[in-house]
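Residues per chain are reported as follows:
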Amino acid sequence: MEVSSVSIETLIPVIRLQLETGGRAPLVVTGISMHPTLRHGRDLVELVPLNRALKRGDLILYRRQTGTYVLHRIISKPVNGKFICSGDNQWEPEDVSADQVIALVDMYIRSGKRIPVDSVSCKLWVQLWIGLFPVRKPFLKLRRLLGRLKTRLKRALKV
């Protein structure tokens, strides 16, 4: 079976139509911004319509002012009405207004297993990871450094 990829710009009208009719829309995760929670090409998410108020910890699909579509987590909602969002593998916050939000994620799909975002394990993970947001930068930099060292060590051992 041949697998082909489709750009998100092509998918968005289909996703919007699914959501407008009350349906769900699966989306394959691409990129590394949501690592370690979601892995590029391995995991899927199910998008649902915005049927409730968004809150801290929600994973949302939104469109940046530049036109790029992004799947990131709400870190907090400040007084100015804009959500503060970031990928789980990032430390830079980003302001997102409610009109930029397209959909909400309510399910992860990994190896065929459906994992609701409101499960106890997901809720605990999200609260921990958001709580670590202020120290995420040094943590992620250390993790990347250790990963590079591991790669170099593997190469050196192969010689």
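Calculation criteria
- Residues numbered from 1 in each chain as written.
- Predicted model: local features only at pLDDT ≥ 70, side-chain atom pairs only at ≥ 80, totals over all residues.
- Heavy atoms only, no water.
- Helix = DSSP H or I, 4+ residues; strand = E, 2+ residues; numbered from the N terminus.
- Buried < 20%, exposed > 50% of the residue type's maximum accessible area, 1.4 Å probe, protein only.
- Contact = heavy atoms within 4.5 Å.
- Polar contact = N/O pair within 3.5 Å; in protein donor to acceptor, adjacent residues only side chain to side chain.
- Phe/Tyr/Trp six-rings, centres within 6.5 Å; stacked < 30°, edge-to-face > 60°.

(A) Structural view of the overall build of the chain. The number of helices and strands found in the chain is three helices and eight strands. Going from N to C terminus, the chain has its helices and strands arranged as α-β-β-β-β-β-β-β-β-α-α. Its C-alpha atoms put the chain at 60 × 50 × 35 Å along the principal axes. The buried share of the chain, reckoned over its 159 residues, is 38%. Contacts spanning at least 24 positions in sequence make up 54% of the contacts within the chain whose residues lie at least 6 apart.

(B) Examining the side chain of serine 33 more closely. In this fold, serine 33 is placed in the loop between β1 (25-28) and β2 (44-48). The contacts of serine 33, once residues within four sequence positions are left out, are Leu71, His72, Gly87, Asp88, Asn89 and Gln90.

(C) Quick look at the environment of serine 7. Summarising the element assignment, serine 7 is placed in the segment before α1 (8-20). For serine 7, a relative accessible area of 35% puts it in the partly exposed group. For the pair serine 7 and serine 121, spaced 114 residues apart in sequence, the C-alpha separation works out to 32 Å. Within the local environment of serine 7, its side chain forms a polar contact with the side chain of threonine 10, the two groups lying 2.9 Å apart.

(D) View of the packing of aromatic side chains. For the structure shown, the criterion picks out two aromatic pairs. Each ring, one from tryptophan 125 and one from tryptophan 129, has its centre 5.1 Å from the other, and the planes form 15°; the classification is stacked. Residue tryptophan 125 and its partner tryptophan 129 are located together in helix α2 (residues 120-131), separated by four residues, close to a single helical turn. Under the relative-accessibility criterion, tryptophan 125 is labelled partly exposed at 30%.

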